Amino acid sequence: MLKKFLFADLDDTLFQTLEKCAVRDALEPAAYYSDGSICSFTTPAQRAVFDFMSAGMTVIPTTARSLDAYRRVDIGFTSYAILDFGGIILKPDGSIERDWQGRMHGFMTAALPGLQALGARIENWCARTGYGGRPRLVEDGGTPFFVVVKDPDKVALNLERVEREVVLPWIAGEGRDYCVHRNGNNLAVLPRSLDKADAVAWVTERLRREHGEIVTFGMGDSRSDARFMADCDYAIVPRRTQLARLALEAL
């Protein structure tokens with residue numbers, strides 16, 4: 001029988017913040033902030049789905065979370081893990097895959113000047129307009145990966161103006177080697193060389209070397225998940241998510 005592997009996004013796919021829980025009965029903690037307080041929860045339905053999937057396939061986290069944030073997820077995973085939008089791969093023993101890290105460090109070092117230039121441009125725009133959000137360069141394991149902006153009032157629509165007035169004009173000009181991803185209260189700008197799909201392809205090849213022919217599933221909630229999901233044999237989309245809305249709009 002062919003072995004089955006599920007590449008699954010985490011936030012807003014396997015769990016979510018309390019504000020995003022449509023039903024708040026019987027919630028259980030799933031992830032924590034650095035101070036130990038609860039960050040995200042699972043619903044009974046999510047736990048049932050995870051148990052069902054785990055019984056028949058190996059679940060591989062495929063997330064934008066950093067290594068520190070991933071270690072604060074209270075769900076047991078036993079295989080590879082893909083972090084930082086594909087920037088870091090963990091081996092089943094929890095150690096960093098050094099070959100992949102070296103490759104990505106080279107790509108990200110080349111992309112760093114552009115991320116810094118965009119960060120300065122957003123900072124100037126915030127100072128000029130009085131906007132309270134600020135750009136943050138996300139680094140992990142000594143490697144810079146992407147720039148993220150969060151709205152301090154958690155009003156996601158406020159990020160639309162940052163995207164429209166600052167980020168998109170920059171991408172249309174000097175930032176052609178970068179892409180933008182906005183979902184909820186996250187506006188992230190990534191080098192095009194940073195993609196979950198590339199990391200999923202790398203891990204899939206390793207799994208085929210280890211197990212022979214396999215079946216792959218992709219599960220995610222947002223645009224940033226779409227490419228790796230499309231490369232899997234089957235795709236799973238949770239309802240009430242960005243991808244679910246896009247699928248309905250396409251009908």
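Just above, that's the structure.
Everything quoted here is computed from the prediction, not taken from an experiment.

**Re the sheet that holds strand 1 (residues 3-8)**
To summarise the sheet geometry, strands pair through backbone hydrogen bonds and adopt either a parallel or an antiparallel arrangement.
Logical step 1: One open sheet holds the 4 strands; their spatial order is 4-1-11-12, and the pairing between them is parallel. The open sheet has two free edges, formed respectively by strand 4 (58-61) and strand 12 (234-236), since each of these has just one partner strand. Neighbour-to-neighbour, the strand axes of the sheet open up by a mean angle of 25°, direction not taken into account.
Logical step 2: As paired strands, strand 1 and strand 11 (residues 214-219) are joined by 6 bridges and run parallel to one another. Across the sheet, the residue bridging to Phe5 is Thr216, located in strand 11.

**Overview of the nonpolar core**
Logical step 1: Counting residues in hydrophobic clusters, the biggest one holds 53 residues, and the most contacted among them are Phe7, Leu14, Phe77, Phe146 and Val203.
Logical step 2: Per-element tally for this core: the top contributor is helix 5 (residues 196-211), with 6 residues.
Logical step 3: Not counting chain neighbours up to four residues away, the residues in contact with Leu14 comprise Ala8, Asp9, Thr42, Gln46, Phe50, Met53, Phe77 and Met219.
Logical step 4: Counting 18 residues, the second largest nonpolar core, distinct from the first, contains Val166, Trp170, Ile171 and Tyr178.

**With respect to unusual backbone geometry**
Logical step 1: Its identity is not glycine, yet Ala26 carries a phi of approximately 60°, on the positive side.
Logical step 2: Assignment of secondary structure puts Ala26 in the loop between strand 1 and strand 2 (28-32).

**Focus: the side chain of Thr62**
Logical step 1: Its place among the elements puts Thr62 in the loop between strand 4 and helix 2 (67-71).
Logical step 2: Residue Thr62 is classed as buried on the basis of its relative accessible area of 0%.
Logical step 3: For Thr62, the side chain forms a polar contact with the main-chain oxygen of Ile60, separated by 3.1 Å.
Logical step 4: Ignoring any residue separated from it by four or fewer positions in sequence, one finds Thr62 in contact with Phe7, Ala8, Asp9, Leu10, Ile82, Lys196, Val200 and Phe228.

**As for the layout of surface pockets**
Logical step 1: The space that makes up the largest pocket amounts to roughly 1,200 Å³.
Logical step 2: Forming the boundary of the largest pocket are 37 residues, of which Asp11, Arg65, Lys150, Asn185 and Asn186 lie nearest the centre.
Logical step 3: Among the secondary structure elements, those contributing two or more residues to the lining of the largest pocket are strand 3 (38-42), strand 7 (135-140), strand 8 (143-149), strand 9 (178-183) and strand 10 (186-191).
Logical step 4: Taken together, the residues that form the lining of the largest pocket break down as 10 nonpolar, 13 polar and 14 charged.
Logical step 5: Roughly 870 Å³ of volume is contained in the second largest pocket.
Logical step 6: For the second largest pocket, the lining is made up of 33 residues, of which Asp12, Pro238, Arg239, Arg240 and Thr241 are closest to its centre.
Logical step 7: Those elements that place two or more of their residues in the lining of the second largest pocket are helix 1 (44-56), helix 4 (156-172), strand 9 and helix 7 (242-249).

**What about the packing of aromatic side chains?**
Logical step 1: Summed over the entire model, instances satisfying the criterion amount to 7 aromatic pairs.
Logical step 2: Aromatic pair Phe85 and Phe146: ring centres 5.0 Å apart, planes at 85°, arrangement edge-to-face. Of this pair, Phe85 sits in the loop between strand 5 (81-83) and strand 6 (88-90) while Phe146 sits in strand 8, and the two are 61 residues apart along the sequence. Neither Phe85 nor Phe146 differs from the other in exposure class; each is buried.
Logical step 3: Ring geometry for Trp170 against Tyr178: centres 5.0 Å apart, planes inclined by 50°, an arrangement best described as tilted.

**Considerations on the environment of Val162**
Logical step 1: On the secondary structure map, Val162 appears in helix 4.
Logical step 2: Val162 sits in the buried class, given a relative accessible area of 0%.
Logical step 3: Spatially, the C-alpha atom of Val162 lies 8.8 Å from that of Val149, the residues being 13 residues apart in sequence.
Logical step 4: Setting aside residues no more than four positions away along its own chain, Val162 makes contact with Ile122, Trp125, Tyr131, Val167 and Leu187.

**Things to note about the sheet that holds strand 9**
Logical step 1: If you walk across this open sheet you meet the 4 strands as 7-8-10-9, and the pairing is antiparallel. This sheet does not close on itself; its edge strands, each paired only once, are strand 7 and strand 9. Each neighbouring strand pair of the sheet contributes to a mean axis angle of 30°, computed without reference to strand direction.
Logical step 2: Judged from the 3 bridges that link them, strand 8 and strand 10 form a sheet pairing that is antiparallel. For Val148, the partnering residue across the bridge sits in strand 10 and is Ala188.
Logical step 3: Of the strands in this sheet, strand 7, strand 8, strand 9 and strand 10 are in contact with helix 3 (residues 98-129), which crosses strand 8 at around 30°.

What counts and what doesn't
- Residues numbered from 1 in each chain as written.
- Predicted model: local features only at pLDDT ≥ 70, side-chain atom pairs only at ≥ 80, totals over all residues.
- Heavy atoms only, no water.
- Pairing = 2+ DSSP bridges.
- Helix = DSSP H or I, 4+ residues; strand = E, 2+ residues; numbered from the N terminus.
- Axes fitted to C-alpha atoms, helices over the stretch in contact; angles between N-to-C directions.
- Core = buried A, V, L, I, M, F, W, Y, C linked by side-chain atoms within 4.5 Å.
- Buried < 20%, exposed > 50% of the residue type's maximum accessible area, 1.4 Å probe, protein only.
- Contact = heavy atoms within 4.5 Å.
- Polar contact = N/O pair within 3.5 Å; in protein donor to acceptor, adjacent residues only side chain to side chain.
- 1 Å grid on protein atoms, 1.4 Å probe; cavity = no way out; pocket = protein on both sides within 12 Å on 5 of 7 lines; lining within 4 Å.
- Points joined across faces, edges and corners; volume = space filled by probe spheres on them.
- Nonpolar A, V, L, I, M, F, W, Y, C, P; charged D, E, K, R; others polar.
- Phe/Tyr/Trp six-rings, centres within 6.5 Å; stacked < 30°, edge-to-face > 60°.

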